[in-house]
Amino acid sequence: MHQLTDVEKRLLALHYVLPIPMNRLENLYKIDPELVDYQNYSAEELVRILRITLPNAVKLKMKLQQSRTTPYEELYKRHEITPIPFTNPLYPSHLLSLFDPPSVLYMKGDIRILTEKYKIAIIGSRKATVYSKQALELIVPPLVENDVVIVSGLAKGADTMAHKAAIAYGGKTIAVLGHGLFHMYPAENRQLAKEIAENQLLLTEYPPYVTPERWTFPNRNRIISGLSDAVIVTEAADRSGTMSTVEHALENGKEVYAVPGSITSELSGGPNKLIDEGARPLWSGYQVIDALTFIHS
């Protein structure tokens, strides 16, 4: 584990009470690169520097004052959480190309998985059917054979199937969460989350106390695509949260694969439309392996 610098420790203290991405902290780093003065700024200065409202700035001042003596390192160690600030060598370089990279990543599990060369996101509907499971039986084994890490979001349906398939075939998986590590959502995936925390990797940009909210999950989606070399969609309705992950992938130049499906199935509407718009139709994991070899050659 890389030893945290004093500046990184100060970032962790700030991020705990103000969990915002790097682009929102740029002004602060310009005037206070060592993060030694921010606790002394007035609420009005914080409004200007951090682009937050005055009520939020007042609240932030109060929280910073209250948390001055909080032993963050001890807290994370006790709960086996590893925080990785964006300046840390372990921080995934892929994420730095995002418009709004996470300032800090909080992890639980085998951090070495983060350093694996190949990562592929597999996503789809929370209502995914047995068709997604059957498709993953053809897609996941070749990926696992070639040491590709499966990235997904621990949601019900396709995400759950992707994580379970990676584990069942002896591979590695990263679950990107839309909340802090003190909470597990959905409730029915708590056992899966426990297994991933013990043998795989849980990852989030939110401090441990942050609860699941409707707005946190779209934010999570950019990390799923940002970590990955390509994105695979199994089943998804034409308009769904899955498509926001695809949009992030396309914005960042990632290859998108879609599993073609029956024109009578609503959940094949998304993948079929993606194929019409230029996504690569996928029926075997070996197609992805060939492309990955080309990308990294």
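Structure: see above.
Draft legend 1. Quick look at the overall build of the protein. Of regular secondary structure, the protein possesses 12 helices and nine strands. Here the C-alpha atoms of the protein give a radius of gyration of 20 Å, agreeing with the 19 Å that 2.2 N^0.38 yields for 297 residues. Based on the C-alpha atoms only, the size of the protein along its principal axes is roughly 60 × 40 × 35 Å. When the 297 residues of the protein are sorted by exposure, 54% land in the buried category. A sequence separation of at least 24 residues applies to 73% of the contacts in the protein between residues at least 6 apart. Carbon and sulfur atoms make up 53% of the accessible area of the protein, which totals about 14,100 Å².

Draft legend 2. Inspection of helix H4 (residues 54-66) at higher detail. The first and last C-alpha atoms of H4 sit 18 Å apart over 13 residues, in line with the 18 Å expected at 1.5 Å per residue. The set of residues buried in H4 consists of Ala-57, Leu-60 and Leu-64. Seen from one end, H4 has its buried residues packed into an arc of 55°, which puts them on one side. Residues of H4 that are exposed and point over 90 degrees away from its buried face: Pro-55, Gln-65 and Gln-66. Turning to H4, the residues buried within the fold contact helix H1 (6-17) and helix H3 (43-50).

Draft legend 3. Up close: the packing of H3 against H4. It is at 8 Å that the axes of H3 and H4 come closest, and there the two elements cross at 115°. Considered as vectors, H3 and H4 are oriented roughly perpendicular to each other. The two elements H3 and H4 meet at a crossing, and its hand is right-handed. Residue-level contacts link Ala-43, Glu-44, Leu-46, Val-47 and Leu-50 of H3 to Leu-54, Ala-57, Val-58, Leu-60 and Lys-61 of H4.

Draft legend 4. Focus on the pattern of salt bridges. Using the criterion set out here, one finds nine salt bridges in the structure. Here Asp-110 ties to Arg-112 by a salt bridge, and the two come within 2.9 Å at their closest N and O atoms. Looking at Arg-112, the relative accessible area reads 62%, which means it is exposed. Notably, a salt bridge pairs Lys-156 with Glu-188, separated by 3.8 Å at the nearest N-O pair. Within this pair, whereas Lys-156 is found in the loop between strand E4 (148-152) and helix H7 (158-168), its partner Glu-188 is found in the loop between strand E5 (173-176) and helix H8 (190-199), the two being separated by 32 residues in sequence. Of the residues examined, Lys-156 reaches a relative accessible area of 38% and is grouped as partly exposed. One network of salt bridges, in which partners are shared, links Asp-100, Glu-205 and Arg-222.

The rules behind these values
- Residues numbered from 1 in each chain as written.
- Predicted model: local features only at pLDDT ≥ 70, side-chain atom pairs only at ≥ 80, totals over all residues.
- Heavy atoms only, no water.
- Helix = DSSP H or I, 4+ residues; strand = E, 2+ residues; numbered from the N terminus.
- Rg over C-alpha atoms; globule rule 2.2 N^0.38 Å.
- Buried < 20%, exposed > 50% of the residue type's maximum accessible area, 1.4 Å probe, protein only.
- Contact = heavy atoms within 4.5 Å.
- Areas by Shrake-Rupley, 256 points an atom, 1.4 Å probe, with all protein chains shown as cover.
- Expected span 1.5 Å × (residues − 1).
- Arc of directions from axis to C-beta.
- Axes fitted to C-alpha atoms, helices over the stretch in contact; angles between N-to-C directions.
- Parallel < 35°, antiparallel > 145°, perpendicular 65-115°, else oblique.
- Left-handed = near helix turned anticlockwise from the far one by under 90°.
- Salt bridge = Lys/Arg side-chain N within 4 Å of Asp/Glu carboxyl O.

Spatial relationships are all this shows, so hold off on functional conclusions.
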